[in-house]
Amino acid sequence: MKSFLLIMLLASLGFASVKVEATYASLGAIAKKVGGDLVSVHVLASSQYDPHFIVPKPSLLSKLRRADLLIINGGGLELGWLPPLMRSANNGKIQVGAEGFLDISHFVAMIDKPNSVSRAFGDIHAEGNPHYILDPYNVLIIAKAVAQKLSQLDSQNMQTYKKNLANFTREWHIYLKDLDKNMLTCKDKKVIQYHELFNYFLKRYGIKSYATIEPLPGISPSSKHTLKLINLMREQKIDMILQDVYHEKKTAHFIASKTDAKVKIIPHDVGAAKGSETLEDFYNMIAQRICH
Amino acid sequence: MKKTLSLSLLLSSLLYSDSELSEIKERLQQQDIKIQALEKVAQERSSVNQSASFSQNAYLPDMALILNMSAVSRDVKNSEYETYSIPGFIQTGDAAIPFNKERGFNLNYAEFAIRSSVDPYFEVFANFHLHPNEFEIGEAFVQTRALPYALFLKAGKFKSSFGRINSKHQHSWNFDMQPVIYEALFGPDAISDPGVQLQYLFPTDTYIMAGVEAMQGSNERSFGDTEENNLYIGYLKSSVDITDEFSFLGGLSIAHGKNTTANTTDVYGADITLRQQLDSYSSLVLQAEYLDRNKDLGDTTDKQAGLYAELVYKVNKNYSAGVRYDAITKNETNLSPDIDCDNLQRYGAMLEYKPFEFSRLRLQYSYDQTKIINGERRDINEVILSLNIAAGAHGAHSY
Ligand SMILES: [Zn+2]
């Protein structure tokens, strides 16, 4: 009888999986790599939508209510939608400061930190550019942070997380080598983008972004600003417009028609464009679309 | 730096002999070591605590200022408008009209809102309504952050989560005017009282939430017997995502209290919200509520009900448009029979422009057939142009 109970207990422990909620798909994908079968991962925001403005649907509350771990991007990216959800999820485990709350931005070196902060400059990111997922090297940092957190929450399986992390890190280094090689041909390209979404990728591979289609962060394009862009692109011979999947595409196409630049739809997150459903495919697609 | 160094090394190798060169190399190395040491000192200095002693700036709460103002045009004189009544609900002179009352310009309120975590267990929220001649604590409550068993507790003065629109602040409504049935049953502040609230979220895949509240019951339109805490509220809410883009939210509520005659009043509410998301910035939302009241007055019981339904199309980040219909659907009271209570309804439409997330201009028109002025029914045409500003650290609104 005793041994039976013990087996039951072991079995229940063996199947116990950590319920992970990630705000964005890329974070979810990394958590899955590190957690493997020991975790069940759900993603709150659809990558079809603007990551700054996710609708805080009540259905997300049921997900958050049962989560053991909430992984957020941080850096203000979720400021417009997540706080009221966390408040109503009635789950003490995942509140700011609790053990089951992981803000990845605390592990990543953020770029583009503004010198002065005011809403007069639009919806700027006061803590620096939060779209750090666009740098494929940050995947390693995120994986490590998630592995640490999972080991802390589920210490019995620490060895497995460690092993998963080591395997994934090894694979990812090999992948990065390939990616770096492919990107060599793309150095010194000149682009403009809609919002400063792709800065981390561009910086990593020496591509220069000259301007954004939105005149100020979060402000819709104006004809005056668009004309300025057209002149700038002609002067600087910029021939590529990086367009995300969720903003209107009219302005980009208008600028393209006046400058002979090409409009490239670039995914900002895993799964944002068709064919970018895995981490590798996601970065491959960005590389491919910017380089060719 | 490196380039110029190697360049100068190259040049010097052409100019100097080998011995001189090794001397220069050595000197350079020493220089390098010195630079590294200096950098280390600088780094240490920057990580040293340089904040003012005893400064608590980092603990400042989130604070926001909300300003709401309007320009109003109405085909009723101000002196007559403030005497309006709604037959069966509001008597002449009892209408409290805090928003958009005057023809011409109105500063409706400046609201000062504060939110902060208190400690690992509590969070506090307060908003202070400053009307031109009045200070009002709109809400001031403390709520739990980490209660076990998916429970949530709130205590203080707060807006009840009865129904759909009751808990929302005026500046987050889709129209500036309050739904007629809410104004008729509860007045401009809706159900807002000192009390406690307990909510529970079910551990299901589908969102199901149940809540109970005990409140003082100071709302005189429907309750008002405050000899002790006399108002009890309960509700059940659920939401289903039918597709990724189409979601349904529904709720059933009940408020059970004692009115000024010390008899019971029961208000039942049903609400639905249907939302179709079209893209990141565009959506179509239908929201409707039905409220039914039984107010026992001792020898008679008022049986009344009404509804509103609104459809709002968010075109993009900047523009929205919407229509609303209000109606009193049941009005069985002991009013004198010569007052005509049929077809109490209102039609409204609005067009909204948001230059940015935190500023909003809204133009609204309403045709109101619910009011009695000077003893007879009077249809009112009203146009409101309102401006709402939210500055500072203003938290995101809930669904
Ligand atoms: Zn951004």
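A short tour of the structure in this document, coming up.

### Quick look at the environment of D379(B)
All names here are of chain B.
Here is step 1: One can find D379 in the loop between β17 (376-377) and β18 (380-392).
Here is step 2: By relative accessible area, D379 is classed as partly exposed at 35%.
Here is step 3: Along the chain, D379 and V76 lie 303 residues apart, while their C-alpha atoms are 9.3 Å from each other.
Here is step 4: In contact with D379, not counting residues within four places along its chain, are D75, Y367, D368 and Q369.
Here is step 5: A polar atom in the side chain of D379 sits 2.9 Å from the side chain of Y367.

### Some details on the interface of chain B and chain A
One frequent convention defines the size of an interface as the accessible area lost when the parts assemble.
Here is step 1: Tallying the contact residues gives 40 residues for chain B and 34 residues for chain A.
Here is step 2: Counting the surface lost from both chain B and chain A, the interface buries some 3100 Å², and carbon and sulfur atoms represent 51% of this.
Here is step 3: Summed over the shared surface of chain B and chain A, the result is three salt bridges.
Here is step 4: R87(A) serves as the salt-bridge partner of E123(B), at 2.8 Å between the closest nitrogen and oxygen.
Here is step 5: The interface formed by chain B and chain A contains 17 residue pairs in polar contact (both at pLDDT 80 or more).
Here is step 6: Residue assignment for the side of chain B that touches chain A shows that the elements contributing at least two residues are β5 (151-159), β6 (192-201), β8 (231-241), β9 (246-258) and β10 (264-279) of chain B.

### Digging into the sheet that holds strand β6 (residues 208-212) of chain A
Residue and element names in this part refer to chain A.
Here is step 1: Strand order in the open sheet formed by four strands is β6-β5-β7-β8, and the pairing between neighbours is parallel. Two strands bound the open sheet, and with one partner strand each, they are β6 and β8 (262-265). Recorded for the sheet is a direction-independent mean angle of 30° between the axes of neighbouring strands.
Here is step 2: As paired elements, strand β5 (residues 190-193) and strand β7 (residues 240-243) share two bridges and run parallel to each other. Bridge pairing in β7 places Q193 opposite L242.
Here is step 3: Where helix α8 (residues 223-236) meets the sheet, its contacts fall on β5, β6 and β7, and the angle it forms with β6 comes to roughly 155°.
Here is step 4: Here helix α9 (residues 250-259) sits on the sheet and contacts β5, β7 and β8; the angle it forms with β7, its principal contact strand, is near 175°.

### Section: the sheet that holds strand β4 (residues 101-103) of chain A
Residues and elements named next belong to chain A.
Here is step 1: If you walk across this open sheet you meet the four strands as β2-β1-β3-β4, and the pairing is parallel. Each edge of the sheet is formed by a strand with only one pairing partner; in this case those strands are β2 (39-43) and β4. The average undirected angle you get between the axes of adjacent strands in this sheet is 20°.
Here is step 2: One ladder, built from three bridges, connects strand β1 (residues 18-22) with strand β3 (residues 69-72); its direction is parallel. Bridging across to β3, V20 finds its partner in L69.
Here is step 3: Helix α2 (residues 25-35) rests against β1, β2 and β3 of the sheet, and its axis sits at about 175° to β2.

Conventions used here
Residues numbered from 1 in each chain as written. Chains lettered and ligands numbered in written order. Predicted model: local features only at pLDDT ≥ 70, side-chain atom pairs only at ≥ 80, totals over all residues. Heavy atoms only, no water. Helix = DSSP H or I, 4+ residues; strand = E, 2+ residues; numbered from the N terminus. Buried < 20%, exposed > 50% of the residue type's maximum accessible area, 1.4 Å probe, protein only. Contact = heavy atoms within 4.5 Å. Polar contact = N/O pair within 3.5 Å; in protein donor to acceptor, adjacent residues only side chain to side chain. Buried area = accessible area lost by both parts, 1.4 Å probe. Salt bridge = Lys/Arg side-chain N within 4 Å of Asp/Glu carboxyl O. Pairing = 2+ DSSP bridges. Axes fitted to C-alpha atoms, helices over the stretch in contact; angles between N-to-C directions.

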